[in-house]
Amino acid sequence: MTNLKEINSTERLLKVIRNSGPAPQGMSQLGSKSEAAGRTGFARRIVDDVRDLSSRFALRSASAVGVEVEDGELRMVKMTAKAGTRQVAAVCRVELPSDMTQESQRYPAFLREQLCRHCGSARGLAVWTTMPSDKVDVWNLKVPALSGAELANAVYWTAKKERSFAEEQFIFDFEVQGEAGEPGKLLVTAYSAPTATVERLRETFAKSGYPLAGIAIPAFALQNYIRSGCLDDQAECTAIVDINTRFTRIDIVRQGKLLLSRVITAGLGSIMEEIAQGYAEQARANDSHFKAPPLNMQQAEQIFFRGLGIVQEPKPEAVGSELTSQEALELAAPAVQRLARQVERTFDHSLRIMGNPQATRLLVKGTAGLHQGVMDILSGHLGLSPEILDPFASRCRLMPTAAPRRATDKPALAIAWGLALAGDRWTPNLLNTFAGRESARKRKRMEGLATAVCVLGMLVAGGFYTLERMERFGLAQEVRALETRFAAAEQGLSRHEMLSLAGEISRQRNEHRDVQRKLLPAAAVGELIASVPPGVALLGLRLEPGRDTEGKPLEGVVAVTLEGLAQGDPAARESALAVYLLNLQGSSLLRETTLRRRDAGSMEEAALRFTIATAL
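These numbers were taken from a predicted model, which means no experiment stands behind them. (Residues numbered from 1 in each chain as written. Predicted model: local features only at pLDDT ≥ 70, side-chain atom pairs only at ≥ 80, totals over all residues. Heavy atoms only, no water.)

Novice: Teacher, can you tell me more about the packing of helix 10 (residues 325–352) against helix 11 (residues 372–382) here?
Specialist: Between two packed helices, the angle of one axis relative to the other and the distance separating the axes together describe the packing. Interhelical geometry of helix 10 versus helix 11 gives an angle of 40° and a closest axis separation of 9 Å. Between helix 10 and helix 11, the interaxial angle falls into the category oblique. Relative to helix 11, the crossing made by helix 10 is right-handed. Only Gly-373, Val-374, Ile-377, Leu-378, His-381 and Leu-382 of helix 11 make contact with helix 10, whose side of the interface consists of Leu-329, Ala-333, Val-336, Gln-337, Ala-340, Arg-341, Val-343, Glu-344 and Phe-347. Split by residue class, the contact of helix 10 with helix 11 holds 10 nonpolar, three polar and two charged. (Axes fitted to C-alpha atoms, helices over the stretch in contact; angles between N-to-C directions. Helix = DSSP H or I, 4+ residues; strand = E, 2+ residues; numbered from the N terminus. Parallel < 35°, antiparallel > 145°, perpendicular 65-115°, else oblique. Left-handed = near helix turned anticlockwise from the far one by under 90°. Contact = heavy atoms within 4.5 Å. Nonpolar A, V, L, I, M, F, W, Y, C, P; charged D, E, K, R; others polar.)

Have a look at this one:
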């Protein structure tokens, strides 16, 4: 697995990351309109086309279900795929029992029951889920245009420079969105999530009998929703405001690329708290001697959404039932305006600080988007006409076969819808981060290499087997020829034939001796050089005819004289020279080997000059 702590790129890359300055010339060429940029863009388009094609083939028989647990209910969308087109097979919203949470021991059984009832068997079903946005940290980076492990290292250290996260407690991953609009730079969306939360989700679904195929954060689920064609994304830049009970998430997307994702603490819960607080203040102002009962969150929500068919209508005797929907909106207006101002500041930060295009389209997700008063306040502050995020009314290729049963299904099921569109090749997965994908890629490469080695070994073995068969065939031919000759010579060989055979054998023997005599010096020289140990250097090699003690030449004997140096300290020199002598004496090509001369020299020279005599 790629170790993100270790930078294995060049010093030039380190300088770019540490200084956060402009990319060097080599990097800037990647983002310029040069030939290299053209090749890079063309290669990226080819990769995207291949991924799209492979995903279409993968969709022929796959089924996927997106599961989200939010606001005390279980939301599921199941999609099937036929001939490269996804179809919505089922949608489901089930309220959790009042005494049950995702940490309850009964929750896996409840999850299994609902999945089995609405989605069928777990066989062949890819299950994707998400986690609350307030538990995920998402931010955008600009890094040098690199690839592979170098890109992972650049993203990791740049992210570490901007945000601090403990690797033991958080999972870190990223997705490359594309060119950042600067020469030699890439726009990357980085995110981190608690490891404990990820493991808890994995274990919960495993206990339910529906193991997870992936965990995607809500921002990437909406990105799937847009990229799949569910949203008419002709606008230059689209902002999606998800008003949740505990928080509000703001996503800015352009042409399927996530430019910004931010979570603010204001949400529908803070609006309901504002209504309860305003009602209490009104009650105290109308009658200082009468203490009105407090308005709880459920009652405030019933009053705020009165007449919209979203929640249960308040009973006549309920606290606050005398308030009209307009009066509830007036009480909630300060909280909604604060929320709108925070969204406006986020838009301004995206435009002025991050350099993103200005949002020209506003989509609102969540139950609050069904209230026209909330939409009017957002429109007044942001200068845009907000629309409700409705996957059922989208002009897309999903051909929905399941219609929503209530008004709140439209905004509530968008995240589960995007999860059902997820895939490991196009959706960042907390169960399969970039480090895991890089490790799998290396493992696949090693498996391919091992396969290639096995195939090569089989080919070599087959070659040897073929050669052996050919040699055996040749020998069989010779045996048959000899048998034929012996059969023809039943009366015995004549003197002339015997002399001819003896001459042929003698000739072949002489040829073999000539070849041996010619190759012996070359083989011996190779043996002499290969036997040289470390610390020994040969200065000269002389071959001459061998002579006896009287100076007469010896037939078939070649005298060899070696001159060399043994370097190092005295002990190392002696040891190296002794090793060389032992190597020569152990050679089967050499005769007796003797040390003829040795000259230790001075201490400054640190070398031992020697002469060795041997013979072939």
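Novice: How do you make sense of the nonpolar core when you look at a structure like this?
Specialist: Nonpolar side chains tend to gather and get buried jointly when the protein is soluble and globular. Within the largest apolar cluster, 59 residues are counted, with the highest numbers of intra-cluster contacts made by Val-67, Leu-74, Val-77, Leu-115, Trp-417 and Leu-430. Apart from residues no more than four positions distant in its own chain, Leu-74 is found in contact with Val-67, Glu-68, Val-69, Cys-92, Arg-93, Val-94, Leu-96, Tyr-107, Phe-110, Leu-111 and Gln-114. Judged by nonpolar contacts, the second largest core, of 46 residues, contains Ala-180, Leu-295, Leu-323 and Ala-333. (Core = buried A, V, L, I, M, F, W, Y, C linked by side-chain atoms within 4.5 Å. Buried < 20%, exposed > 50% of the residue type's maximum accessible area, 1.4 Å probe, protein only.)

Novice: Just to check I follow, could you spell out the confidence of the model for the protein for this structure?
Specialist: Of the residues in the protein, 83% have a pLDDT of 70 or more, and the chain-wide mean is 78. In the model, residues 1–61 has pLDDT below 50 throughout and makes 79 contacts with residues more than four positions away in sequence or in other chains. (pLDDT = per-residue confidence, 0-100.)

Novice: Just checking my understanding: could you explain the layout of surface pockets for this structure?
Specialist: One water molecule sets the probe size; rolling that probe over the atoms shows where empty space is left. Looking at the second largest pocket, its volume works out to about 980 Å³. Broken down by secondary-structure element, the contributors of at least two residues to the lining of the second largest pocket are strand 2 (73–82), strand 3 (85–95), strand 9 (238–243), helix 8 (268–286), helix 9 (297–304) and helix 12 (409–412). No other element matches helix 9, which puts four residues into the lining of the second largest pocket. (1 Å grid on protein atoms, 1.4 Å probe; cavity = no way out; pocket = protein on both sides within 12 Å on 5 of 7 lines; lining within 4 Å. Points joined across faces, edges and corners; volume = space filled by probe spheres on them.)

Novice: Sorry, what's going on with unusual backbone geometry here?
Specialist: Apart from glycine, the bulk of residues carry a negative phi angle, and the bulk of peptide bonds sit in the trans form. Located in the positive-phi region is Gln-255, a residue other than glycine, with phi close to 50°. On the secondary structure map, Gln-255 appears in the loop between strand 10 (248–254) and strand 11 (257–264).

Novice: Would you explain the sheet that holds strand 5 (residues 137–144) in this entry?
Specialist: To summarise the sheet geometry, strands pair through backbone hydrogen bonds and adopt either a parallel or an antiparallel arrangement. In space, the three strands of this open sheet follow the order 5-7-6, with antiparallel pairing throughout. Edge strands, defined here as strands with exactly one partner in the open sheet, are strand 5 and strand 6 (170–179). On average, each strand axis in the sheet is inclined to that of its neighbour by 25°, with strand direction left out of account. Inspection of the sheet shows strand 5 paired to strand 7 (residues 185–194) by eight bridges, in the antiparallel sense. In the strand pairing of strand 7, Asn-140 is matched with Thr-189. (Pairing = 2+ DSSP bridges.)

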